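Report on the structure
Spelled out, the chains give:
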Amino acid sequence: MTVTYSLLKKQNAETSNALIEEFTENSNFGLLAKKEGDLILARDQEDAEKLQVGIDYAKEKGVIDPNFVPEPYVTIDVLGKTPDDVSDEILGYVNKNRESASGDKAGSVIVLCGLSGTGKGTTVAKLSDKLSADQKVVCWSNGNIFRSATLLAATWCEQQPGCAVFDAEKALTKENLANFMTMLSFDKFNGKFDTRINGLGLDLLVSEVQNTILKQPKVSKNIPTVAQVTQGEVIKFAAEAIKIMSADGVSILLEGREQTVNYVLTPLRFTLTLSDETLIGKRRAAQRLMAAALNSLEEDASEDKVKDALVNELAKMLEAEN
């Protein structure tokens, strides 16, 4: 497939697939894809290990049940499939589940897992578009709950005499964490579902402060520290929030790692895989390459100029890597 400017401008799965096909015999692209793939797999493994530490700590504290057995996942190999193909396959399971739950007006809860590069984000977006045609859909993320807990911990530190900086040892005790979580509630506020932060002199709705107060440095720089010890608390909060929305007829799309989404009760659980794992690196390399090439080109550039830009940007990337 020839990579035209209009195709390059799409910056989507169609573009990346075309680039992978165009550069399938290019050794430089192969080298970049190998490096990208190795980095993604290593980072995923590192993240999984760190996350497991937090999960084990939550079990040790008794926040989550150490003997809990999650419902099984349906594995979907996305090799050779478009995001539309994958989302339609998942919707097939969703529709069967609805038929078996005839009369139940609860919204569907769809959980999606998989390694980086398997297309989870794109699939969630496709599912949201298709489901939104006849129902309310929410894409849930635990990120703002971690930010809310971090804001409470930072505020607590500010209120302690002689505590000029964030003191994790003092702020993140088992008792404090339990207390902070009682200051978070999920319900309908002003006619829509939202998370309320109410305590330590704060009374905020997350939807109104997610791009302001929850992005302040005192929150952003301390999230990793807080997240490491609040995995269990946030998992439980999210599971309850999702239960509340589903009961109200809202369908929820939840993307995340199995260790955290295991505790959300739903039969609609999917793991995206790539039987050819080299494609993970190829996709990431193509994403980087198409973004860099588009940025270097003028509007409506010719096919030859597009190809030259891709080759030049690929060479620059490899040079920067070495």
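I will try to describe carefully the structure that is included in this document. Since the model is a prediction, treat every value here as computed from it, not as a measurement.

Observations regarding the overall build of the chain
A count of helices and strands for the chain gives 15 helices and eight strands. Counting all 322 residues of the chain, 43% fall into the buried class. By element, 49% of the accessible surface of the chain is carried by carbon and sulfur atoms, the whole surface being about 16600 Å². Here the chain holds 36 positive side-chain charges and 47 negative ones, and the gap between their average locations is 3 Å.

Focus: the packing of helix H4 (residues 83–100) against helix H5 (residues 120–131)
Two elements in contact, H4 and H5, have axes separated by 9 Å at closest approach and are oriented at 55°. Classified by the angle their axes make, H4 and H5 are oblique. You can see that H4 and H5 cross each other, and the crossing is right-handed. Residue-level contacts link Pro83, Asp84, Val86, Ser87, Asp88, Ile90, Leu91 and Arg98 of H4 to Thr122, Thr123, Lys126, Leu127, Lys130 and Leu131 of H5. Residues belonging to the contact of H4 with H5 are distributed by class as follows: six nonpolar, three polar and five charged.

Section: the sheet that holds strand S8 (residues 268–273)
The strand order S1-S8-S2-S7-S3 describes an open sheet built from five strands, whose pairing is parallel. At either margin of the open sheet sits one strand with a lone partner, and together these are strand S1 (74–77) and strand S3 (137–140). Recorded for the sheet is a direction-independent mean angle of 25° between the axes of neighbouring strands. Across four bridges, S3 lies against strand S7 (residues 251–255) in parallel orientation. Bridging from a neighbouring strand, Val138 pairs with Ile252 of S7. Sitting on the sheet, H5 touches strand S2 (109–114), S3, S7 and S8, and the angle it makes with S7 is about 175°.

Focus: the nonpolar core
One finds Leu8, Phe29, Ile90, Ile110, Val306 and Leu310 to be the most contacted residues of the largest nonpolar core, which totals 44 residues. Here this core takes seven residues from helix H14 (residues 278–296), the largest share from any one element. Once residues within four sequence positions are removed from consideration, Phe29 is found in contact with Ile20, Phe23, Lys282, Ala285, Ala286, Leu289 and Leu314. If you look at the next biggest cluster of nonpolar residues, it comprises 43 residues, including Leu177, Met183, Val229 and Ile242.

Description of empty space enclosed by the protein
All chains considered together, the criterion is met by one cavity of 30 Å³ or more. Taken as a whole, the largest cavity encloses approximately 30 Å³ of empty space. Surrounding the largest cavity, Asn142, Ile235, Ala238, Leu254, Thr260, Val261 and Val264 form its lining. Elements supplying a minimum of two residues to the lining of the largest cavity: helix H12 (231–247) and helix H13 (258–261). Among the residues making up the lining of the largest cavity, the classes are represented as five nonpolar, two polar and no charged.

Quick word on the sheet that holds strand S5 (residues 192–199)
As summarised here, the arrangement of the three strands in space is S4-S5-S6, forming an open sheet in which the pairing is antiparallel. The open sheet has two edge strands, strand S4 (184–189) and strand S6 (202–205), and neither has a second partner. Averaged over all adjacent pairs, the angle separating strand axes in this sheet is 25°, with direction ignored. Across six bridges, the pairing between S4 and S5 is antiparallel. Residue pairing in the sheet places Asp187 in a bridge with Asp194 of S5.

Description of the pattern of salt bridges
By the definition in use, this model includes 18 salt bridges. Ionic pairing is found between Lys9 and Glu299, a salt bridge with its closest N-O pair at 2.7 Å. Of this pair, Lys9 sits in helix H1 (residues 5–10) while Glu299 is found in the loop between H14 and helix H15 (303–321), placing the two residues 290 residues apart along the sequence. Here Lys34 ties to Asp38 by a salt bridge, and the two come within 2.6 Å at their closest N and O atoms. Placement of the pair is Lys34 and Asp38 together in helix H3 (residues 27–61), with a separation of four residues, close to one helical turn. On the basis of relative accessibility, which here comes to 40%, the residue Asp38 falls in the partly exposed class.

Topic: the packing of aromatic side chains
Scanning the entire structure with this criterion turns up five aromatic pairs. Through a chain of ring-to-ring contacts, three or more aromatic side chains come together here, namely Trp140, Phe186 and Phe193.

Section: the environment of Val69
Tracing the backbone through its elements, the reader meets Val69 in the loop between H3 and S1. Assessed through its relative accessible area of 66%, Val69 is described here as exposed. Along the backbone, Val69 and Tyr263 are 194 residues apart, and their C-alpha atoms lie at a distance of 8.8 Å.

Considering H15
Between its terminal C-alpha atoms H15 stretches 27 Å, which fits the 27 Å expected from 19 residues at 1.5 Å a residue. As for H15, its buried residues are in contact with H1, helix H2 (13–22), H3 and H14.

What counts, and where the lines are drawn
- What you see as residue numbers is a count from 1 along each chain, following the sequence as written.
- In view of the model being predicted, local features appear only for residues whose pLDDT reaches at least 70, and side-chain atom pairs are presented and counted only at 80 or more, with totals across whole chains, interfaces and linings using the full set of residues.
- No hydrogens and no water enter the side-chain calculation; it runs on all heavy atoms of the structure.
- Per the convention used, a helix needs a DSSP run of H or I reaching at least four residues, while a strand needs a run of E reaching at least two, with both numbered from the N terminus.
- Exposed residues in this analysis have more than 50% of their type's maximum accessible area, buried residues have under 20%, and partly exposed residues fall in between, with area computed by a 1.4 Å probe over protein chains only.
- Values of accessible area rely on a 1.4 Å probe in the Shrake-Rupley scheme; residue burial ignores everything except the protein chains shown.
- None of His or the chain ends enter the tally, which takes Lys and Arg as positive and Asp and Glu as negative.
- The atom standing in for a charge is NZ when the residue is Lys, CZ when it is Arg, CG when it is Asp and CD when it is Glu.
- Here, axes are lines fitted to C-alpha atoms. For helices the fit covers the stretch in contact, and angles between N-to-C directions go from 0 to 180 degrees.
- Note that the term roughly parallel is reserved for angles under 35 degrees, roughly antiparallel for angles over 145, roughly perpendicular for angles of 65 to 115, and oblique for everything else.
- Each crossing gets its handedness from the near helix: less than a right angle anticlockwise from the far helix is left-handed, clockwise is right-handed.
- The contact rule is simple, with two residues in contact once any of their heavy atoms fall within 4.5 Å.
- For this classification, Asp, Glu, Lys and Arg are treated as charged, while Ala, Val, Leu, Ile, Met, Phe, Trp, Tyr, Cys and Pro are nonpolar and the rest, including Gly, are polar.
- When DSSP finds two or more bridges between a pair of strands, those strands are recorded as paired.
- Buried Ala, Val, Leu, Ile, Met, Phe, Trp, Tyr and Cys residues form a nonpolar core when they are joined through side-chain atoms within 4.5 Å.
- Cavity and pocket criteria rest on a 1 Å grid covering protein atoms alone: a 1.4 Å probe that fits but cannot get out defines a cavity, protein on both sides within 12 Å along at least 5 of 7 lines defines an open pocket, and an atom within 4 Å of a point defines a lining residue.
- Grid points are joined across faces, edges and corners, and a volume is the space filled by probe spheres set on the points.
- Salt bridge, as used here, is a side-chain nitrogen of Lys or Arg placed within 4 Å of a carboxyl oxygen of Asp or Glu.
- Classification of ring pairs uses Phe, Tyr and Trp, with its six-membered ring standing for Trp, and accepts pairs whose centres are within 6.5 Å; under 30 degrees between planes counts as stacked, over 60 as edge-to-face, and the remaining range as tilted.
- Residue count minus one, scaled by 1.5 Å, sets the expected span of a helix.

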